[in-house]
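Residues per chain are reported as follows:
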Amino acid sequence: MSTLTYLECPECGAHFEADKPQTFCPRCESPLLPRYDLDAASRALTPEAVASRPRGIWRWHEILPVRSAEHRITLGEGDTPLVEVPRLAREFGLEHVWVKDESQNPTATFKARGLVMAVSRALELGIREFVIPTAGNAGGALAAYAARAGVKAHVYMPADAPEVNKAEVAAAGADLVLVDGLISDAGKLAAEHARERGWWSVSTFKEPYRVEGKKTMGLEIAEAFGWHLPDVIIYPTGGGTGLVGMWKAFDELEALGWIGSERPRLVSVQSEGCAPIVRAFHEGAERARPWENAHTVAAGLRVPAAFADRLILRALRETNGTAIAVPDEEILAAQRLLAAEEGIFAAPEGAATVAALKKLVSSGWINAADTVVLFNTGSGLKYERL
Ligand SMILES: *Cc1c(COP(=O)(O)O)cnc(C)c1O
Ligand SMILES: [Zn+2]
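Residues numbered from 1 in each chain as written. Chains lettered and ligands numbered in written order. Predicted model: local features only at pLDDT ≥ 70, side-chain atom pairs only at ≥ 80, totals over all residues. Heavy atoms only, no water.

Undergrad: Explain the sheet that holds strand E1 (residues 4–8) to me, and be specific about the residues and the numbers.
TA: What the three strands build is an open sheet, ordered E2-E1-E5; its pairing is antiparallel. Every interior strand has two partners, whereas the edge strands, strand E2 (15–17) and strand E5 (33–36), have only one. Between one strand axis and the next, the sheet turns through 45° on average, direction left out of account. (Pairing = 2+ DSSP bridges. Helix = DSSP H or I, 4+ residues; strand = E, 2+ residues; numbered from the N terminus. Axes fitted to C-alpha atoms, helices over the stretch in contact; angles between N-to-C directions.)

Undergrad: Hey, could you go over the sheet that holds strand E6 (residues 82–84) for me, with residue numbers and the actual values?
TA: Within a sheet, each strand pairs with its neighbour through backbone hydrogen bonds, oriented either parallel or antiparallel. On the basis of which strands lie adjacent, the open sheet formed by six strands has the order E6-E7-E15-E12-E13-E14 and mixed pairing. In this open sheet, the two edge strands, each paired with only one partner strand, are E6 and strand E14 (322–326). In this sheet, neighbouring strand axes are inclined to one another by 25° on average, regardless of whether the strands run parallel or antiparallel. Two strands pair when backbone bridges link them, and strand E12 (residues 232–236) and strand E13 (residues 265–271) are joined in this way by five bridges, in the parallel orientation. From the neighbouring strand, tyrosine 235 faces E13, where its bridge partner is serine 268. Where helix H10 (residues 276–283) meets the sheet, its contacts fall on E13 and E14, and the angle it forms with E14 comes to roughly 135°. This element, helix H13 (residues 348–362), spans strand E7 (96–101), E12, E13, E14 and strand E15 (371–376) of the sheet and lies at about 110° to E14. (Contact = heavy atoms within 4.5 Å.)

Undergrad: Any chance you could break down the coordination of the zinc ion (ligand 2) for me, citing the residues and the numbers?
TA: At the metal site, the zinc ion (ligand 2) is ligated by Cys9 (SG), Cys12 (SG), Cys25 (SG) and Cys28 (SG), and these contacts range over 2.3 to 2.4 Å. If you look at the zinc ion (ligand 2), its four donor atoms make angles of 105 to 115° with each other, and the shape they trace is tetrahedral. Here the donor residues of the zinc ion (ligand 2) share one chain and are spaced in sequence as C-x2-C-x12-C-x2-C. Placement of cysteine 9 in the loop between E1 and E2 and of cysteine 25 in strand E3 (residues 24–25) is noted, with a sequence separation of 16 residues between them. The class of cysteine 9 is buried, set by a relative accessible area of 1%. (Donors = N, O, S within 2.8 Å, 3.2 Å for Na, K, Ca; no water. Tetrahedral: all angles 85-135°; square planar, octahedral: opposite > 155°, others 65-115°. Buried < 20%, exposed > 50% of the residue type's maximum accessible area, 1.4 Å probe, protein only.)

Structure follows, in structure tokens:
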């Protein structure tokens, strides 16, 4: 059983009722974070119990928001491999580097984790028609889960998004709207149509549950390392759902008493062509200004403004992490390197973590003894430009 109790605004602390559809805190324009009765959760959820349940994200159901088993839809998301990459590690003078390979999720990216959660919970609350603005992969994931649930999805995507994303959305029978512009332009149009037509928006952090699906990445990492955490996690950041989700997962595991107060240093990687979080981090700012003329081969990182900017920046600072931008040429070179050295054909977003690792080792920010996890967030097979 889920032990979800309420939703909380992390800025003003206001509580929102969890068992009706909620969006974000209107006062603070902030995402809402689901809170659980972790004492109650710890009675049913134990490390032994989670280890013995069938694979996938639902084995953490006590600390996920869906209350009834009948609403837990699945296509087999989560429990992706954590692959040690010794040849790549040696190349950079390191000893302990792993790739969390999210390309093995349904729809071939980690967007599946967030969207299966948002759709499942919305179905439980009676919602039947969805809309999403997307750089590409989130639209593919929504379309798949909406098809699985037998409900309608409307996907708003930049016209120059990868062709595979358009194909997967159309194949799943979703309504595909191509927009001239970026995800932010798609977002404006989607929000307008959602209001007029009564559709439920699952835009990044504008509803409270995608982050809960992505939280499971942090839970899986803690479990894989025997309830210890790696020293560094490098994460390609667009809207920041996975970064904020993992940060939240670690706090919940500490409250459950499964880990201590140590945290991995969280690192956000962005492309030099669109790096609003990196700029804000190094300016010492609490908020990120929108990036002008965003462009990058890493489509999932082409997010000029993140709604959860405050949370992302807090997660980086509170964990003594950092933020780093890498140029597209280095992303593409890193993509070839990871494929050639280790056989992992990463999405450009995932490859960006390898480019970042190289820079952080040269600058001395990461040293030989550090245990590092890189997130390959999607499959290289979904992208045509190489
Ligand atoms: C969406 C996306 C990202 C960025 O993820 P966020 O959690 O929104 O920061 C990274 N990589 C890929 C492949 C994506 O599709
Ligand atoms: Zn608030």
